Amino acid sequence: MNRPAFPGRGEWLRLGDLIIAAGLLVLLGVSWWRTGFGLWSVTGRLIEVMDGFGTVTRYSLDHQAEYEFYGPDGQYNRVTVASGRVAITAASCPDQICVHTPAVSRAGQYLICLPNRLLIRVIGDGEDWDTVL
Amino acid sequence: MTVVSPRRTVELGLWLTVALILQVVDGWLPLPLPVPGVKLGLANIVTQYLVYQHRYRAALIIVVARVVTASLLAGFSGGPAFVLAMGGGLGCWLISVAVRRAGRDWLSPVGLSLAAATAHIAAQLWLFEQLFARVDTGPLWPLYLTAAFVTGLVTGTATALLINGTFFQRRV
């Protein structure tokens, strides 16, 4: 290669970085503005769970309970509802990302276990139930 | 087909190892955010490092090999997790290359990583909507774009440190 492998020292912030950062900040502002900044302002009333088979079921957030979900290849998730919050407390997936995600309680929040194809969405009061999930 | 020298092969193997280790460590540091799946993206440091030096093909090889190897380590399933990881990686590579080529000498690794992190999450959100057709990802965009901005700054700074040779020898 004719080009030197390393352009040299001083590869820190430059004009292009500022342009990219400014562009992304504008994008961020627009995306927050379009969703109305009202994200997660509504308290959740229900959860809607889609399990590994694609079956969708709804549960109340008011009652303390534990639910178990299975997938077609023996996947397993335990979902715990307590004091208006929902969390995935056990999972058979290798990464355990879903178990490490904190409990959620606001309408519009998600819990996802990607390897097991488990999706949980918190639903609030005034929502059109037919349009979600 | 070009002949790849043993030296290149060994070097690529080493970069793959570094990328894999970073990916595994990344998995140990799940950020406690109420948003699923946000990671720092440490493995992208290797991608950005290679792309920054205009070694686009090497970067592509590392991305594909890393995603495949990491999914093998986690017990290959070929499921949505693999599709999202590969889609994110390829989208990230594509935009990184475009940005690097467009911005010859007015760009540092920080700007490159910002664009790359955003491309990564944009590709994944788009793919997610294709995989789970009944999920509306609209309300998730501002959250994930914000996360990408922060993680892009972190990995970009790390890449800049690596390129500037502050802690590392400058010649491989």
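Everything quoted here is computed from the prediction, not taken from an experiment. Each chain has its residues counted from 1, running along the sequence as written. In the order they appear in the text, chains get letters beginning with A and ligands get numbers beginning with 1. The model is predicted, so local features are restricted to residues of pLDDT at least 70 and side-chain atom pairs to those at 80 or more, both for listing and for counting; the totals for chains, interfaces and linings are taken over all residues.

Student: Please explain the interface of chain A and chain B as it appears in this structure.
Tutor: Accessible area lost upon the coming together of the parts is a frequently used measure of interface size. What counts as a contact is two residues whose backbone-derived C-beta atoms lie within 7 Å of each other. Every contact between the two is made by 38 residues of chain A and, on the other side, 39 residues of chain B. Elements supplying a minimum of two residues to the side of chain A that touches chain B: α1 (15–34), α2 (97–100) and β6 (110–113) of chain A. Segments assigned H or I by DSSP are reported as helices when at least four residues long, segments assigned E as strands when at least two residues long, and all are numbered from the N terminus. For the side of chain A that touches chain B, the leading source of residues is α1 of chain A, giving 10 residues. Note on residue categories: nonpolar means Ala, Val, Leu, Ile, Met, Phe, Trp, Tyr, Cys or Pro, charged means Asp, Glu, Lys or Arg, and polar means any other residue, Gly included. When its residues are assigned to classes, the side of chain A that touches chain B shows 24 nonpolar, seven polar and seven charged.

Student: What am I meant to see in the packing of helix α4 (residues 80–102) of chain B against helix α5 (residues 109–131) of chain B here?
Tutor: Each packed pair of helices is defined by two parameters, the angle between the axes and the distance between the axes. Residue and element names in this part refer to chain B. Note on definitions: angles span 0 to 180 degrees between N-to-C directions of axes, and those axes are lines fitted to C-alpha atoms, for helices only across the stretch in contact. Relative to each other, α4 and α5 sit at 145°, their axes nearing to 7 Å. Classified by chirality, the crossing of α5 by α4 is right-handed. Facing α4, whose interface residues are P80, V83, L84, G87, G88, G91, C92, I95, S96, V99 and R100, α5 presents L112, A115, A116, A119, H120, A122, A123, Q124, L127, F128 and L131. The residue inventory of the contact of α4 with α5, partitioned by class, reads 15 nonpolar, six polar and one charged. By the definition used in this description, the sense in which the near helix is turned from the far one sets the handedness, with an anticlockwise turn below a right angle giving left-handed and a clockwise turn giving right-handed.

Student: Can you help me understand the confidence of the model for chain A in this one?
Tutor: Note that predicted coordinates carrying low pLDDT should not be read in detail. Residue and element names in this part refer to chain A. Of all residues in chain A, 83% attain a pLDDT of 70 or more, and the chain-wide mean is 81. Mean pLDDT per element in chain A: α2 is the minimum at 86, and strand β4 (residues 76–82) is the maximum at 93. A residue's pLDDT is the confidence the predictor assigns to it, expressed on a 0 to 100 scale. Note on residues 1–8: pLDDT under 50 across the span, and four contacts to partners over four residues away in sequence or across chains. Throughout residues 128–133 the model reports pLDDT below 50, and contacts reaching past four residues in sequence, or to other chains, amount to 11 contacts.

Student: I tried to follow helix α3 (residues 56–73) of chain B on my own but got confused; where do I start?
Tutor: Residue pairs three or four apart in sequence face the same way in an α-helix, which turns once every 3.6 residues. Residues and elements named next belong to chain B. Helices are assigned an expected span. That span is 1.5 Å times one less than the residue count. The first and last C-alpha atoms of α3 sit 26 Å apart over 18 residues, in line with the 26 Å expected at 1.5 Å per residue. Remark: C-beta atoms are placed from the backbone, and a residue is labelled buried if 20 or more other C-beta atoms sit within 10 Å of its own, exposed if 12 or fewer do, or partly exposed between those counts. What α3 keeps buried is the set A58, A59, I62, V63, R66, V67 and A70. Looking down the long axis of α3, one finds its buried residues gathered within 155° of arc, a one-sided arrangement. Exposed and oriented more than 90 degrees from the buried face of α3 are R57 and L72. Against α1 (6–28), α2 (44–52) and α4 lie the buried residues of α3. With its phi angle positive at about 85°, G75 sits one or two positions after the end of α3. Our arc is simply the arc of the directions from the helix axis toward the C-beta atoms.

Student: It is not clear to me how α2 of chain B should be interpreted in this structure. Could you clarify?
Tutor: Residues and elements named next belong to chain B. α2 sits mainly inside the fold: nine of its nine residues count as buried. The set of residues buried in α2 consists of N44, I45, V46, T47, Q48, Y49, L50, V51 and Y52. Elements in contact with the buried residues of α2: α1, α3, α4, α5 and α6 (141–164). H54 sits one or two residues past α2 and shows a positive phi near 60°.

Student: What is the right way to look at the sheet that holds strand β5 (residues 85–91) of chain A in this model?
Tutor: In a beta sheet, neighbouring strands pair by backbone hydrogen bonds and run either parallel or antiparallel. Residues and elements named next belong to chain A. When DSSP locates at least two bridges between a pair of strands, those strands are taken to pair. Judged by pairing direction, the sheet is antiparallel, and its three strands sit side by side in the order β3-β4-β5 without closing on themselves. The open sheet terminates on both sides in strands that have one partner only, identified here as β3 (65–70) and β5. Strand-to-strand twist of the sheet, defined as the mean angle between neighbouring strand axes without regard to direction, takes the value 25°. With six bridges connecting them, β4 and β5 associate as antiparallel partners. By the bridge assignment for β5, A82 is matched with R85.

Student: I tried to follow the packing of α2 of chain B against α3 of chain B on my own but got confused; where do I start?
Tutor: Residues and elements named next belong to chain B. Contact pair α2 / α3: the axes reach a minimum separation of 7 Å and the direction vectors enclose 165°. By the angle between their axes, α2 is roughly antiparallel relative to α3. Seen along the crossing, α2 lies across α3 with a hand that is left-handed. Touching V46, T47, L50 and V51 of α2 are Y56, A58, A59, I62 and V63, all from α3. In the contact of α2 with α3, the residues fall into eight nonpolar, one polar and no charged. Each angle receives one of four descriptions, namely roughly parallel if under 35 degrees, roughly antiparallel if over 145, roughly perpendicular if within 65 to 115, and oblique otherwise.

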